[in-house]
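These are the residues of each chain, in order.
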Amino acid sequence: MTISLQDPTLIKTQVYIDGVWVDADSGETLPVTNPANGEVLALVPRCAAAETRRMIEAAARAQSEWAKTTVKQRAILLRIWYNLMLEHQQDLATLLTAEQGKPLAEARGEVLYGASYVEWFSEESKRVYGDTIAQSSSDKRLVVIKQPVGVVACITPWNFPNAMLTRKIAPAIAAGCAVVCKPANATPLSAMAIVELAERAGFPPGLINIVTGHTAAIGAEMTSNPLVRKVTFTGSTPVGKQLIAECAQTVKRTSMELGGNAPFIVFDDADIDAAVQGAMASKYRNAGQTCVCSNRIIVQSKIFNEFTAKFIAAARQLKVGDGSQPGVTVGPLIDVSAANGVCEMIDDAVAKGAHVALGGGRSALGGSYVEPTILTDVSKDMRVFREEIFGPVAPIFRFDSEAEVIAMANDTEFGLAAYFYSRDIGRVWRVAEQLEFGIVGINESIISNEMAPFGGVKESGSGREGSKYGMDDYLDIKYLCMGGID
């Protein structure tokens, strides 16, 4: 292992069950590798259903007691956890870059972003309100209260291994739930480190559990076990559909943050320089491996050439390399398989007539590195229009009319995020209302924060994370009808 931390005890290579760090029952392990160079960073347990079942049972015991705590008690512990994340920001970022590959500056930003959800829900825990309802007759009183849903299974992806987990754990804990967490096997060290900090914060044993290993077996136990009352998942749409189907057998509540195909629209009245800056930030952040990154850049014909020239010039300034090195702005993709898939999408576009304006394939660094790529002369029959690219590839389409671009943008089964640039206030309202997406950035490409609801429509999922709405999926509504009053 070559990860150098100020606090080496944050590196955990065991799973966390009922307050104890342990190995897999079988003794089997999985390697965690650095995508920048293929180096094995650590070996983590290859658990399966049995360990997951014990975690769920421990969570159920802990949750019954945790639900009795006051919201102020929960808020205090969440705040301590938040402060610990800030104190260890550099170490958490170093871990994140080592196992995920993103530049260190981005990793530090993710740690702050993830911690912000813990802070937010420490505060929101005090604002879970019920209702009194006008009675139907003089001898009755009608009241609505909210209670924790129960044990929550959290399944998170590799692209944001810190933030995707905190924004699930924090509202669950704030609502009075216990959690069993399954981070991606590619990036478990970040998740284990924040669970270590949760232990230091003083959360009781069993409240937070974390498992790595056989994904199918762990997922099947989570979706079939009746003690689990909610499954929250961030990942691909096909896997999300499978989890929803499995959860139906025990009628679990689900919240799903699934795939995206974000349009980035630039109208001819836009501030072109601002639009270029926004497109760069949205497209190439985390090497294009974000569910809300711009997938299709669609530019009005009148300004197409000017925007494209400026966008190419800006993209030429990107530096590809190991995210731990100074000046690097685009790190590797998560693994060679992911890089192969992105290169295949480029090849598909070129075979169907696309022009490579920049990049065009694997970087000279080889392995998981893909060049920042810009494609023009693209069309709707290419994979880059229909599929989520999840890599540093920007296809630029052109359009003529407002009606045409709205139809193009909505021509997808996904509906997570969309962006457009315009300085016409009438157009801003018209287009924002007609785009079939859960999140719309208007003259802005960095849209996510803990105070706003994050989530999609159509096949991009259901439920919202963050904001005052983020507690809703972790609470049951209970109606109390009291008779015999008069």
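The paragraphs below set out a description of the structure included in this document. Please read all numbers here as calculations on a predicted model, not as lab measurements. (Residues numbered from 1 in each chain as written. Predicted model: local features only at pLDDT ≥ 70, side-chain atom pairs only at ≥ 80, totals over all residues. Heavy atoms only, no water.)

Notes on the layout of surface pockets
The space that makes up the largest pocket amounts to roughly 890 Å³. Of all the secondary-structure elements, those providing two or more residues to the lining of the largest pocket are α7 (215–224), β10 (228–234), α8 (237–247) and α11 (336–351). Looking at which element gives the most residues to the lining of the largest pocket, the answer is α8, with six residues. The residue makeup of the lining of the largest pocket, split by class, is 19 nonpolar, twelve polar and six charged. As a volume, the second largest pocket reaches approximately 330 Å³. Looking at the second largest pocket, it is lined by 18 residues, and the ones nearest its centre are Y113, F160, R285, I446 and S448. Broken down by secondary-structure element, the contributors of at least two residues to the lining of the second largest pocket are α4 (104–124) and α5 (163–175). Looking at the lining of the second largest pocket, the element that brings in the most residues is α4, giving four residues. Here the residues of the lining of the second largest pocket are counted per class, giving eight nonpolar, five polar and five charged. (1 Å grid on protein atoms, 1.4 Å probe; cavity = no way out; pocket = protein on both sides within 12 Å on 5 of 7 lines; lining within 4 Å. Points joined across faces, edges and corners; volume = space filled by probe spheres on them. Helix = DSSP H or I, 4+ residues; strand = E, 2+ residues; numbered from the N terminus. Nonpolar A, V, L, I, M, F, W, Y, C, P; charged D, E, K, R; others polar.)

Here we look at the packing of helix α3 (residues 89–100) against helix α6 (residues 188–201)
In the contact formed by α3 and α6, the axes pass within 8 Å of each other and the chain directions differ by 160°. Judged by the angle between their axes, α3 and α6 are roughly antiparallel. Residues L92, L95, L96 and E99 of α3 lie in contact with α6, whose contacting residues are P188, L189, S190, A193, I194 and L197. Of the residues in the contact of α3 with α6, the class split is eight nonpolar, one polar and one charged. (Axes fitted to C-alpha atoms, helices over the stretch in contact; angles between N-to-C directions. Parallel < 35°, antiparallel > 145°, perpendicular 65-115°, else oblique. Contact = heavy atoms within 4.5 Å.)

Section: the sheet that holds strand β15 (residues 373–376)
Taken together, seven strands build an open sheet; the order of strands is β14-β15-β16-β13-β12-β17-β18 and the sheet is mixed. A strand with exactly one partner marks an edge of an open sheet, and here the two such strands are β14 (355–358) and β18 (439–442). Across the sheet, the axes of successive neighbouring strands diverge by a mean angle of 25°, strand direction being ignored. Note that strand β13 (residues 294–300) and strand β16 (residues 393–399) share four bridges and pair parallel. Residue I298 lies in a different strand from β16, and its bridge partner there is F397. Sheet strands touched by α11: β14, β15 and β16. Its angle to β15, the strand with the most contacts, is close to 25°. Its contacts with the sheet place helix α14 (residues 425–434) against β13, β17 (417–421) and β18, and it is angled at close to 160° to β17. (Pairing = 2+ DSSP bridges.)

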